[in-house]
Amino acid sequence: MKRQTPQSYLPNCFITVTITYGLLLLCWAPVISRASHSSLRVINNGYEGLVVAINPEVGQDDAMIEKLKTTIIPEASKLLYNSIGLYLSQVTILVPSSWNIDNYPSMGIPITGLPVRYSDADVLITNRDFEQSFTKQWGGCGQHALPIVMTKPSVTASEPIYGDTAKLFVHQFAQYRYGVFNEFGFPSDPLYPTHYSIPGNPDSNQILVNSCADDHQVFNVTTQTQLGQNCRLIVGNGTGLPIKDPDFKQQCIPVPKPSDNSYESSLMYSPSVDSVNQFCGYHSTKKLHKHNLNSPNKQNSLCGSDTWTVISKHPDIPRTYEVFQETIDIKISKPAGPKVLFAVHTSQVWAQNKRYELINQVMSKFKLDMKGALVSLFTYTTGEPIVKVPWTTDLSQIKDLKPSSNPEPDVNFEKILESGINTFKADSVNAGGAVFTIFFAGKGYAHVNDDKLVKYAQYFQQNNIKLLIIVFPLNGNQAYRQTAVEMFEKVISRTGGQVFYIREDSNPMTTVHQLSKAMATIETEYSGDTSNAYHVISEQLIRPINNTLNFEFNVDETLMNSRLRVYFIGSGLMEEVVLKKTGIPDIKNPSYTDGPNFNGFLIDINKPDHIGKWQLTAPVDTTTMGKPTAYVAVAEFATKSLDGQSDSKTAVGIDGPVRATCWLKQSPNMPVIAYVNINGRIDELVSNMLVNLTVTDETGRTETFDMLDNGAGDPDITQGDGIYSQYVISQQPIINKFYYTVSAEISSISSNELPTVVTDFGSTSMPTTPTGKTCCGSKVNGQLSTVNLGTEKLNRVVECGHYVVTSDVNIQNYPPNAIRDLRVENADHYNRTVSLLWTSVGEHYTQGSATKYVIKAFPAGNDAINDDLRKKIAADFDNLSGASIEVTDRTVSYMSASKEQNYEIRIKSDDGGVYYVAVRAYNSAGKGGAVSNIVMAQIKSNVIITSTTAFDIDVSKQPVLKCCTSLLNPSNDYPKLAGLEWWEWLLVAIGGAVVLLLFFIFAICFVCKRRRKTTDETDREQSNHEPSIPTRKAPEPPRVSPELEKNRSILLDDNSLTRSVDNIPNLNINNLQQNNAYNSVGLPLNPNFGYNTDPNQQQNICELNVAALSPVQSWNAKDLLTHWGRVQEAKQRHEAPPVMRIEDLSSASSNHSPSYASSEDDNNIYTNPHPWGYQEVQTRPMYAIPNGYNQEPIYRSSQDHLMRSNTPSDTVPRYSTIVRKTTQNVSQV
């Protein structure tokens, strides 16, 4: 079995010395960014130093400890080994100091002899009453995360909603240690959806689950809303994104069923599935687990590869595999108390400018703040004996330090480390969990052999000793600086320590304050259970005005039930300092003082009157020699635990006080990135804040940068998670500037725009049912509340650390930052357009604005999975030919970084199918940023453009088109004509036929309408030439029957007998009038055209043979034929037709029946409407003209007669005027 040397991995700025563009840059960050990783190391393929910490608020629970020991930790170790080849070999469970651990050895859990701190925690178990486990990731691909957080129910639940707890632990551990991301999607997330289709796909049924597996994997999923309602998956064709189920007004979520045993990967997709036990991608000892690079998940977007590819590159992963060891060394521990060893370089350099006095002031504050701590001290000066103070809790034994009177050669760093290790070993005090603090001063530093430095660092790591190095002052010699940086880095990177380079300010109180903040790191290391760390609310350099110091600060509502520490740094103020607040009496007699240098108050904020603006004042005699010309004022509050819980909950939308942590990160060939994490309790994520970063060089020159929480992907990866980030790129020349100090100021935006806090946001793993919440995609979704402040403004100040520059820096070498949030806003399959949306980038990372963007589209054919093409796009974007595209809607605005950009392109190339689209930004020097995440769109074949030349679009202020050739021509299963499939041609033919048919129908209708209009106009024109007749209208007389016109002298009777016209008897008009069809007023109609069926009258009708004679029954047939001849003659002469008069009749009835054309007004029914004395009718007639007329116009309707339909004349008013129409014979009678 091969033995391996111990390994540790701290993938941030203080790991590796990076030389690029003439730049040597290192940085150290506060403990919160990486301290939890420092104790974790790999020995013989086993992890040692894993710390599972239980929050002090959690009550003693032996059953939970037993489950951790017997189930969760062993099963997680086995799964970790089976998936990546590592296992857990040593674990410490840190329990609150209030717990009784005497019985744990009998449970098989010994008490460890190596104390640990809450700041060492890799896993933190909190006191929430719901299931939740999450890992806050703040950096890019491969970057470690903040500690894993699990609530107590997540550990103790018998049937956890997020699946097996051991597998859940491995899932979270992969995020925490290896920097991989989830391979599932999130509800309502535009970048990482739960399910999707390719934008532009006309088939909305082709829906894919967002996972690691390729598209051939079939998932057995449950589809429900978050309320547990069964639903169906629906996507929009243009975006490919999920849309809400209209039946429930909620989005449907697919969750794999735990019983699905059809696949084994991935643990970053669905660890809750029973059969899943691998990471997605290739494993040297396992079969291939096919990965789908097209899935729009966070892993693909930020890493561009499967999870195993990322994990396999981590330094922890063994190159040779050891046999799995089931036995795990699990021990119990309580928090370590403060334990500090000081090594003070009493150099003659400190004698200059009385620097030793400043060191003594800082040590005085340490004794004030760390009462009860176990402390030892030794001094070192070359050529002089070591002065040592044994371990003691009586801090008065730490006397004032004095510089050496002898000059000395270069500082021997090796000698200091050896002396410290010997001090830890020689004394009976357990060195575990200590902080070794070294004060450096001197002209230079002797080089130390690398092997020895590594050996010393291993001792510190194995004994959980943190190394804190404070350099004051820093030697100005460039060669000495280079030597110091290299030595310090080798030790610090393995112990999780820090280095502080203290700038000597012209104002001594500012220097003291910087030294004090470096020493405050010790407080932070031991905060948690019994010790406090203090968080700065506000700090200012105060100069006397009218011989008075006046420092104002705000106490916001979230600080209720917190302890405040407010003080001035400067001598001679002890008795005069007063703390004031409107509404409460002035507070005098300082309760926080060391006597000469630090004077102020400790006050508990526990009343509503305590919320608001406070003042710390003191009179100053500026005429007294030796007093400072300026003072430093500081207001800060105490935080007890890593979880941030105050003594009692507040009612302002957040449980804990708003606090912040900050750290720096450096990657090869990149500038420093600063991160600020703002939260209340650890699961209360605070956003909607102003965060300004201040960078100060060693000359005192400062620059400020706005920090962002936008989730664009570079550098900020999640919106609304409370983590703000920004690249630190100086716009001023960096010439031989050695170190930079970074701090951040956090404040609320305004009194009208309050901070917000997100809680109940779920876990960073897939639940077993859709009702479980998941976090965190492009943004955090949870319960959003407003943080009530109770004062004008919320303020916080936090230190971020230092970074070192040893050579000149040319920012022109920095390209734009990467576009990581490119997405398709809409893809029109048939119009072949794709609308793209992304966040703008800077000229040099996030500073300034990019000069141009280049968009390229690459055809992938009908196969949406083309990993080779994707890799070529990412690796060789500039030289790779894209499809021909054109701009159809230019909406790009060249503004500063982090602004929304929208662009629409039209793909002109003939090929249809799936296209990959990517964007790259360039600066004015032509340097391109990283290629964006790749998106897809599906379009139809182009039947119009048959271009053989391809272009890429250079989206710049001066657009340039570059000619290139197509990379891929998609293969087809069958030939196409002009780019169309056979069924497309069929649709075109059918559509054309339908259009032609509609055109012919329209033409026919148009011609008919024109002809009818011409006829109507002719009739009106002829009627205008008629002679003037009376103005009262009457119904048009009935036409003469066709038989009468054809046989002018012969009529057939009912017996078909031929009679002479002369022999046809004249009938009594009154008898016939009663049977006429016009006599309809008040009489019901019958099928026989409405004729009266009375037997006494029916005989006359039969004799007349009404069927042959037509309804005109009132005239002699011979007279009618004679008149008809006259009418024909008049027509031939183009004269007006004659009117039948009574004197024209050859015979008349004895009763002188009234005629339709009588010249006698009394007998003419047009001029005398009542010739027969009918009763007046006031209602609308059923049909034709009633037997009586009134003075109003009356209308007829076809509905009044069963055998008649509407005509245009039905709605014409009928007065006593005949409208004669030549086309109607009856009008001529």
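Parameters at a glance
Residues numbered from 1 in each chain as written. Predicted model: local features only at pLDDT ≥ 70, side-chain atom pairs only at ≥ 80, totals over all residues. Heavy atoms only, no water. Helix = DSSP H or I, 4+ residues; strand = E, 2+ residues; numbered from the N terminus. Buried < 20%, exposed > 50% of the residue type's maximum accessible area, 1.4 Å probe, protein only. Contact = heavy atoms within 4.5 Å. Areas by Shrake-Rupley, 256 points an atom, 1.4 Å probe, with all protein chains shown as cover. Patch = residues over 30% accessible without salt bridge, like charges linked within 9 Å, V, L, I, M, F, W, Y side chains within 5 Å. Salt bridge = Lys/Arg side-chain N within 4 Å of Asp/Glu carboxyl O. Disulfide = S-S within 2.5 Å. pLDDT = per-residue confidence, 0-100. Expected span 1.5 Å × (residues − 1). Polar contact = N/O pair within 3.5 Å; in protein donor to acceptor, adjacent residues only side chain to side chain. Pairing = 2+ DSSP bridges. Axes fitted to C-alpha atoms, helices over the stretch in contact; angles between N-to-C directions. Parallel < 35°, antiparallel > 145°, perpendicular 65-115°, else oblique. Left-handed = near helix turned anticlockwise from the far one by under 90°. Nonpolar A, V, L, I, M, F, W, Y, C, P; charged D, E, K, R; others polar.

### Topic: the overall build of the protein
- Helix and strand content of the protein: 18 helices and 56 strands.
- Relative to its full complement of 1229 residues, the protein shows a buried share of 57%.
- Sequence separation of 24 or more characterises 74% of the internal contacts of the protein that already satisfy a separation of 6 or more.
- Carbon and sulfur atoms form 50% of the exposed surface of the protein, whose accessible area is close to 51,200 Å².

### Observations concerning a nonpolar patch on the surface
- Residues L986, I990, V994, L997, L998 and I1001 make up a contiguous nonpolar surface patch of about 570 Å² in total accessible area.
- When you line up the elements, L986 lands in helix α13 (residues 982-1023).
- The class of L986 is partly exposed, set by a relative accessible area of 45%.

### Remarks on the state of the cysteines
- Counted according to the given criterion, the structure contains four disulfides.
- A disulfide bridge connects C141 with C303, and the sulfur atoms are separated by 2.1 Å. Across the disulfide from C141 to C303, rotation about the S-S bond amounts to roughly 110 degrees, and the bridge is consequently right-handed. With a gap of 162 residues between them, C141 in the loop between β10 (133-134) and β11 (148-151) and C303 in helix α5 (residues 298-303) connect regions that are remote in the sequence.
- Accessibility expressed as a relative area gives 34% for C141, which makes it partly exposed.
- In this model C662 forms its disulfide with C800; the gap between the sulfur atoms is 1.9 Å. Its torsion about the S-S bond being 95 degrees, the disulfide of C662 and C800 is classed as right-handed.

### Here we look at the confidence of the model for the protein
- When pLDDT is averaged along the protein, the result is 77, and 73% of the positions lie at 70 or above.
- Considering only residues more than four positions removed or in separate chains, one finds that residues 646-651, a stretch of pLDDT under 50, has 14 contacts.
- Counting interchain partners and residues more than four positions distant, the pLDDT-below-50 stretch residues 955-979 has 66 contacts.

### Overview of helix α9 (residues 450-462)
- With 13 residues, α9 ought to run about 18 Å at 1.5 Å a step, and its terminal C-alpha atoms sit 18 Å apart, in line with that.
- Buried residues of α9: L453, Y456, A457, Y459, F460 and Q461, and no others.
- Put simply, N449 is the residue that caps the front of α9, since its side-chain oxygen is 2.9 Å from the backbone nitrogen of D451.
- Two residues or fewer past α9, N464 is found with a positive phi of approximately 55 degrees.

### Description of the pairing of strand β45 (residues 795-805)
- β45 sits mainly inside the fold: ten of its eleven residues count as buried.
- Sheet topology places strand β42 (residues 739-748) next to β45; nine bridges connect them, and they run antiparallel. Note that in β45 the partner of I746 across the bridge is R796.

### Things to note about the packing of helix α2 (residues 62-84) against helix α4 (residues 165-178)
- Packing of α2 against α4 leaves a shortest axis separation of 8 Å and a crossing angle of 60 degrees. The pairing of α2 with α4 is recorded here as oblique in orientation. The handedness of the crossing between α2 and α4 is right-handed. Of the residues in α4, those in contact with I72, E75, A76, L79, L80 and I84 of α2 are T165, A166, K167, F169, V170, F173 and Y178.
- Split into classes, the residues belonging to the contact of α2 with α4 amount to ten nonpolar, one polar and two charged.

### A few points about the sheet that holds strand β18 (residues 329-333)
- On the basis of which strands lie adjacent, the open sheet formed by six strands has the order β10-β11-β9-β6-β8-β18 and mixed pairing. One side of each edge strand has no neighbouring strand; the edge strands of this open sheet are β10 and β18.
- In this structure, strand β8 (residues 90-94) lies alongside β18, joined through five bridges in parallel fashion. Across the sheet, L94 pairs through a bridge with S333, a residue of β18.
- Lying over the sheet, α4 contacts β6 (50-54), β9 (123-126), β10 and β11, oriented at roughly 155 degrees with respect to β11.

### Focus on the packing of helix α7 (residues 355-369) against helix α11 (residues 508-526)
- Between α7 and α11, whose axes approach to 9 Å, the crossing angle comes to 40 degrees. With respect to each other, α7 and α11 are oriented oblique. In this structure, the crossing between α7 and α11 has a hand that is right-handed. Contacts between α7 and α11 pair L358, I359, Q361, V362, M363, K365, F366 and D369 from the former with P508, M509, T511, V512, L515, S516, M519, I522 and E523 from the latter.
- Its residues assigned to classes, the contact of α7 with α11 comprises eleven nonpolar, three polar and three charged.

### Some thoughts on the pattern of salt bridges
- Overall, the coordinates contain 29 salt bridges when judged by the stated rule.
- A salt bridge links D369 to K365, with the shortest nitrogen-to-oxygen separation between them at 2.6 Å. Residue D369 and its partner K365 are both found in helix α7; the two are separated by four residues, about one turn of the helix.
- Looking at D369, the relative accessible area reads 19%, which means it is buried.
- Its relative accessible area of 7% is what places K365 among the buried residues.
- Taking the shortest distance from any N to any O, the salt bridge between E539 and K517 comes out at 3.4 Å. Here the residue E539 occupies a position in strand β27 (residues 533-542), and K517 occupies one in helix α11, the gap between them amounting to 22 residues.
- Judged by its relative accessible area of 17%, K517 falls in the buried class.
- A cluster of three or more residues bridged by salt bridges with shared partners is formed by K365, D369, E523, R565 and E636.

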